[in-house]
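Close look at the chain arrangement
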Amino acid sequence: MIKCALIGCDIGYTRSPEVHRAIAAALGEEIVFDVIDVANDGLGAAVGRLLDEYDGFFVTKPYKNDVKKYLSSVDTRCGVNLVRCADRSGHNTDGVGFIRALDRAFDDWRDRVNGALVLGAGGAAYSVAESLLAAGKRVYVLNRTMLNAAKLTLVLGAELYVNQPAELVVNCTSLGLHGEDVLTGLCVPPQFDYAFDLIYSPPETPFLKRCAAAGARIANGRDMLAYQAIEGDLLLLNRQADVNGVFEKVDCILERNGG
């Protein structure tokens, strides 16, 4: 049995516990999975307790970069979404999870996408941008705070967005969780072939609705959530497995349990 958790702020919507329980069932393992919702001033104390009492924990908004200062080692330039407590090491499975989800949603994107627009400059945006750059795509970044966008481009080698052509747009912000439209907020017309939103609840945000209405193929972050969780659990368990095979089992369990 492994004892894990998710830490973040304002994450009552999360489906992580059911996803990780489904992964454990697919792997024939047992898991305890807690949700730790903390304000910023409680982050240090919460991380300390998790490091002492858990096998590992996943990290979500807005702490993927902040958590690094509490760790002994970090193997990524991006935000940390997984901490292994035994050696206090930080890892990132968001990037590989995103690409696997993108492949599942859009089987032809690798051939048809030359440029990708990443909306946001937080921890998730770093992971998405880095994975798209590794796939050989030009990556443009747009964020409400220009300084943060510039920092991301400098660290990863992406470019600031100034209306360059892009076939794929990815929302890495939290705009949409409560009905906001990130395209309106950033003054971007929905003129893309593919639109991916890391948000999965609600399953269709205003961003995805506008892009779909303009003719784009769309996908939300549900599959990414499952893929990054599978990669993380395998790391914590020190196991290897057919990730897509595990995903299919997990997908069946989630569908059987209501989506």
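Below, the discussion takes up the overall build of the protein. Looking only at helices and strands, one finds ten helices and twelve strands in the protein. Taking 18 Å as the expected radius of gyration for a compact globule of 259 residues, we find that the protein reaches 18 Å, a close match to that expectation. Its C-alpha atoms put the protein at 50 × 40 × 35 Å along the principal axes. Of all 259 residues assigned to the protein, the portion counted as buried reaches 56%. Here the contacts in the protein between residues at least 6 apart in sequence split such that 65% fall between residues at least 24 apart. For the protein, the exposed surface amounts to about 11,200 Å²; the carbon and sulfur share of it is 47%. Looking at the protein, you have 26 positive and 33 negative side-chain charges, and the mean spots of the two groups are 2 Å apart.

It is worth spelling out helix α2 (residues 43-53) at this point. Those residues of α2 that fall on the buried side of the exposure criterion are Leu43, Ala46, Val47, Leu50 and Leu51. Down the axis of α2, the sector holding all buried residues measures 135 degrees, keeping them to one side. The outward face of α2, more than 90 degrees from its buried face, is lined by the exposed residues Ala45 and Asp52. Those residues of α2 that are buried lie in contact with β1 (2-8), β2 (31-37), β3 (56-59) and β5 (82-84).

The rules behind the values
Residues numbered from 1 in each chain as written. Predicted model: local features only at pLDDT ≥ 70, side-chain atom pairs only at ≥ 80, totals over all residues. Heavy atoms only, no water. Helix = DSSP H or I, 4+ residues; strand = E, 2+ residues; numbered from the N terminus. Rg over C-alpha atoms; globule rule 2.2 N^0.38 Å. Buried < 20%, exposed > 50% of the residue type's maximum accessible area, 1.4 Å probe, protein only. Contact = heavy atoms within 4.5 Å. Areas by Shrake-Rupley, 256 points an atom, 1.4 Å probe, with all protein chains shown as cover. Lys, Arg positive; Asp, Glu negative; His and termini not counted. Charge placed at Lys NZ, Arg CZ, Asp CG, Glu CD. Arc of directions from axis to C-beta.

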